[in-house]
Amino acid sequence: NHGVAPVTYGQGDRPPRGDYATAREDYTCEQNWSAYTPAEHDLYRRLYERQASQLDGLACDEFIDAVRHLGAPDRIPRFDELSESLYQRTKWEVVAVPGLIPEEAFFSLLARRKFPVTGWLRKPEEFDYIVEPDVFHDLFGHVPLLFNPVFADYMQAYGAGGMKASRLDACELLARLYWYTVEFGLIHTPKGIRAYGAGILSSAGELRYSVRSPEPSRVGFDLQRMMRSRYKIDTYQATYFVIESFQQLFDATAPDFTPIYQAVRQKEEIEAGAVLPGEKLYSADSGTN
Ligand code: HBI
Ligand code: FE
């Protein structure tokens, strides 16, 4: 019975938020759109406006071109309507979940082109920072790039890889790949460095910080380097990884990861923020393009 919250998927020792009692076997549940209050729709609108007003010069073009697919910016979208439009483009659907779900369930949904979106919205006092993903992070951060065919295929390949990783007990290594691409990834474009990671795109301060600040290191995409790299969950990232294209990301997930996991396990973990001798670094974006 999935009435018991998967406590391991809260942050630290706190159980995750959300009502798991009504969740199905695959952890999906109803969105219950009519339960959102006018105040919640207004909070969503303000979160959306704050991010949408700062995308130019910071978010990648693929995201900027796709964010309109979320529909009206002044209220929380209905997942069934969003899924109709998403399915027509890349055969993905959005499904409601009560909150964080176990990795196997998460991977299994991605492998079936179903993106789990948390149903609940943060509280007003969490306007600037929230520990767990809420509906705004999942919708605004993750869903637009699912309209991009190459990225959509990467997400399914990642899910399929995750199913294999579970059997190889390599979920932690694969979670780092997810973290440094899907959540906090940067992309090098002809106009300069831009953000594509959902954790960056849904964050008021980290969007500018990740692209423009001289503080963090920006390391060239390297699968094993990412799988060895620890990350922080409650501050801006000290290290970001930079891809040259979504195709590069997709191609990197093509091979079987078993030998990669074995190679990574032979090497030391790398602290967040560390820079290794001789590795390719990108400087902060100048903001002139
Ligand atoms: N569950 N709902 C939800 N959303 C996530 O992004 C998520 C998750 N469970 C596990 C998880 N992400 C990460 O550990 C992935 O790397 C697997
Ligand atoms: Fe996320």
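Just so you know, these numbers come straight off a predicted model, no measurement behind them.

**Q** Break down the UniProt feature "binding site: Fe cation" (unreviewed entry) in the protein chain for me, with residues and values.
**A** When the UniProt feature table is mapped onto this chain, "binding site: Fe cation" (unreviewed entry) is found at H137, H142 and E183. The greatest C-alpha distance among the residues just named is 10.1 Å, despite their covering 47 residues of sequence, which places them together in space. When you line up the elements, H137 lands in helix α5 (residues 135-142). Here H137 falls in the buried class, since its relative accessible area comes to 10%. The contact partners of H137, leaving out residues within four places of it in the chain, are R122, H142, E183, A198, G199 and S202. Along the chain, the position of E183 falls in helix α7 (residues 171-183). Apart from residues no more than four positions distant in its own chain, E183 is found in contact with H137, H142, Y178, G197, A198, G199 and I200. Of note is the side chain of E183, whose polar atom sits 3.0 Å from the side chain of H142.

**Q** Could you give me a rundown of the side chain of Q54, with the residues and numbers involved?
**A** Inspection of the secondary structure puts Q54 in the loop between α1 (38-52) and α2 (61-66). Only 3.0 Å separates the side chain of Q54 from the backbone oxygen of A204, close enough to count as a polar contact.

**Q** Requested: an account of the pattern of salt bridges, with residues and values cited.
**A** Inspection of the entire model under this criterion finds 20 salt bridges. Here R45 makes a salt bridge to D42, at a shortest N to O gap of 2.6 Å. Here the residue R45 and the residue D42 both occupy positions in helix α1, the gap between them amounting to three residues, near one helical turn. Residue classification places R45 among the partly exposed residues on the basis of a relative accessible area of 23%. D128 is the salt-bridge partner of R50, the closest N and O atoms lying 2.5 Å from each other. Highlighted residues: R50 in helix α1 and D128 in the loop between β2 (114-118) and α5, separated in sequence by 78 residues. Here the salt bridges share partners, and the residues they tie into one network are E172, R176, R230, E269 and E271.

**Q** Any chance you could break down the nonpolar core for me, citing the residues and the numbers?
**A** General note: in soluble globular proteins, nonpolar side chains tend to be found buried as a group. Grouped together as the largest cluster of nonpolar side chains are 86 residues, with contacts concentrated most on F63, F151, M155, L174, Y196 and M227. With eight residues, the single largest contributor to this core is α7.

**Q** Which residues make up the site of ligand 1, and what are the values?
**A** If you check the shell around ligand 1, you find V97, G99, L100, I101, E103, F106, F107, Y158, A175 and Y178 and nothing else. A distance of 2.9 Å separates a nitrogen atom of ligand 1 from a polar backbone atom of G99. When isolated, ligand 1 has an accessible area of 390 Å², and the protein chains bury 90% of it. Of all elements in the fold, only α4 (103-111) and α7 reach the threshold of two or more residues within the shell around ligand 1. Here the shell around ligand 1 gets three residues from one element, more than from any other, and that element is α4. Residue composition of the shell around ligand 1, grouped by class: eight nonpolar, one polar and one charged.

Scoring rules and cut-offs
- Residues numbered from 1 in each chain as written.
- Chains lettered and ligands numbered in written order.
- Predicted model: local features only at pLDDT ≥ 70, side-chain atom pairs only at ≥ 80, totals over all residues.
- Heavy atoms only, no water.
- UniProt positions renumbered as here; feature names shortened; annotations may be inferred.
- Helix = DSSP H or I, 4+ residues; strand = E, 2+ residues; numbered from the N terminus.
- Buried < 20%, exposed > 50% of the residue type's maximum accessible area, 1.4 Å probe, protein only.
- Contact = heavy atoms within 4.5 Å.
- Polar contact = N/O pair within 3.5 Å; in protein donor to acceptor, adjacent residues only side chain to side chain.
- Salt bridge = Lys/Arg side-chain N within 4 Å of Asp/Glu carboxyl O.
- Core = buried A, V, L, I, M, F, W, Y, C linked by side-chain atoms within 4.5 Å.
- Near = heavy atom within 4 Å.
- Areas by Shrake-Rupley, 256 points an atom, 1.4 Å probe, with all protein chains shown as cover.
- Nonpolar A, V, L, I, M, F, W, Y, C, P; charged D, E, K, R; others polar.

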